[in-house]
Amino acid sequence: MSRLKILIANPTVPQIAYKLLADKYEVTTSTSHDRAAILKDVRGVDALFWATHNRIDKEILDAAGPQLKVIGTMSVGYNHIDLEEVKARGIKLSNTPNVLNGAVADIAMLLALAAARRYPEGRQHIERGTWVKEFDTQWMLGQDIAGSTIGIVGLGRIGQTIAKRLQGFDAHKILYTGHKEKPQAKDLGYEFVNLDELARRSDFIFLSAPLTNETMNMCNEAFFAKMKKNGILINISRGQLVDQDALIAALKAGRIFAAGLDVMIPEPLNTDSELLKLPNVVLTPHIGSATGNTRNAMAKLTAENILAGLAGEELISPVPLP
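None of the values given here were measured: they were computed from a predicted structure. (Residues numbered from 1 in each chain as written. Predicted model: local features only at pLDDT ≥ 70, side-chain atom pairs only at ≥ 80, totals over all residues. Heavy atoms only, no water.)

Glancing now at the UniProt feature "domain: D-isomer specific 2-hydroxyacid dehydrogenase NAD-binding" (unreviewed entry) in the protein chain. Residues given the UniProt feature "domain: D-isomer specific 2-hydroxyacid dehydrogenase NAD-binding" (unreviewed entry) here are residues 110–288. Within residues 110–288, the helical portion is 31% and the strand portion 15%, while the C-alpha atoms at the span's ends are 10 Å from each other. (UniProt positions renumbered as here; feature names shortened; annotations may be inferred. Helix = DSSP H or I, 4+ residues; strand = E, 2+ residues; numbered from the N terminus.)

Pasting the structure below:
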């Protein structure tokens, strides 16, 4: 067996990854998710399988040592990694795009439907015994996806998968915004607009953009002021895309209809958060990729990237370094 060492920085990673890596290299698993434990376990490894919300920074890389050759993060996003520091040390970095598109799009649809049809509020009526017994034709009216205008912020792979799901629900029009117009989107009849126009025209807004300096707090007080009163915001990207205080204020004041969030600030969310008190908010605990098949596929791709990197081959899904 090769003397090269790999650390899987998460004791719950699917076994498929361990089996692939252990067939060729010495593999250890961190004793816990705790950063202090990882700092101790990472010493002397040649590759790092990263499946934790902890940040990869100078401290982690210094603890690993100069022999560290490749890092595979079991995620699409990589805003938790200091890219400049990784590049300066000549370390190869990979992520896991594509394999979670369907699972995340499904969560986006779940949130959209639940928010549109007032699921949290409806359950509260059942639990509190306030279910209206008479046939009141105006009670608990929700919003329709059919015939609606959809806005997608970030028409990448996940955004495109969400758009396909929405077409099955007979959405009328799909708008999108991003750095530039996509030829394939034009062929499908999607309309490229700026962020302000998307906010004004959309009945549902889906956030699927990466977290960058440009997208940080892009959904702020001014953004919510432009949205329709029946507008619904869905975020399956990163909590930091949204000014959460501004969102809460807009929801409480009825300036927008509802929100569905798989990501928020902080994570885990504080149990006294205002978001938990609002009937027009649907929350899921960052489980967009949380299906067995999807997590297995993510683990397998991460392991395969690490194997390629240690063998001196091109990574399957490299992260572009600045």
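Another aspect to go through is helix α6 (residues 119–128). For α6, the complete set of buried residues consists of Pro120, Glu121, Gly122 and His125. In this fold, the buried residues of α6 make contact with α5 (101–116) and β12 (281–283). Glycine 129 sits one or two residues past α6 and shows a positive phi near 75°. (Buried < 20%, exposed > 50% of the residue type's maximum accessible area, 1.4 Å probe, protein only. Contact = heavy atoms within 4.5 Å.)

Attention now goes to the layout of surface pockets. In this structure, the second largest pocket spans a volume of roughly 170 Å³. What lines the second largest pocket is simply Asn79, Leu211, Thr212, Asn213, Met216 and Gln240. In terms of residue class, the lining of the second largest pocket is made up of two nonpolar, four polar and no charged. (1 Å grid on protein atoms, 1.4 Å probe; cavity = no way out; pocket = protein on both sides within 12 Å on 5 of 7 lines; lining within 4 Å. Points joined across faces, edges and corners; volume = space filled by probe spheres on them. Nonpolar A, V, L, I, M, F, W, Y, C, P; charged D, E, K, R; others polar.)

This part takes up empty space enclosed by the protein. Tallying each qualifying case throughout the model produces one cavity of 30 Å³ or more. If you go around the largest cavity, the residues you meet are Asn235, Gly239, Val242, Gln244, Leu247, Leu261 and Val263. Residue classes in the lining of the largest cavity are distributed as four nonpolar, three polar and no charged.

A separate point is the nonpolar core. By size, the foremost hydrophobic cluster in this structure holds 51 residues, and its most contacted members are Leu21, Phe49, Ile152, Ile162 and Phe206. Tallying contributions element by element places α5 first for this core, with ten residues. Filtering out sequence-adjacent residues up to four positions away, isoleucine 152 remains in contact with Gly159, Ile162, Ala163, Ile174, Leu175, Tyr176, Thr177, Leu198, Phe206 and Ser208. (Core = buried A, V, L, I, M, F, W, Y, C linked by side-chain atoms within 4.5 Å.)

Here we come to helix α11 (residues 244–252). Where α11 is concerned, the buried positions are Gln244, Ala246, Leu247, Ile248, Ala250 and Leu251. Those residues of α11 hidden inside the fold are in contact with α10 (221–226), β10 (232–235), β11 (258–261) and β12. Where α11 begins, the capping side chain belongs to aspartate 243, and its oxygen is found 3.3 Å from the backbone nitrogen of aspartate 245. Trailing α11 by a residue or two, glycine 254 shows a phi angle of about 75°, which is positive. (Polar contact = N/O pair within 3.5 Å; in protein donor to acceptor, adjacent residues only side chain to side chain.)

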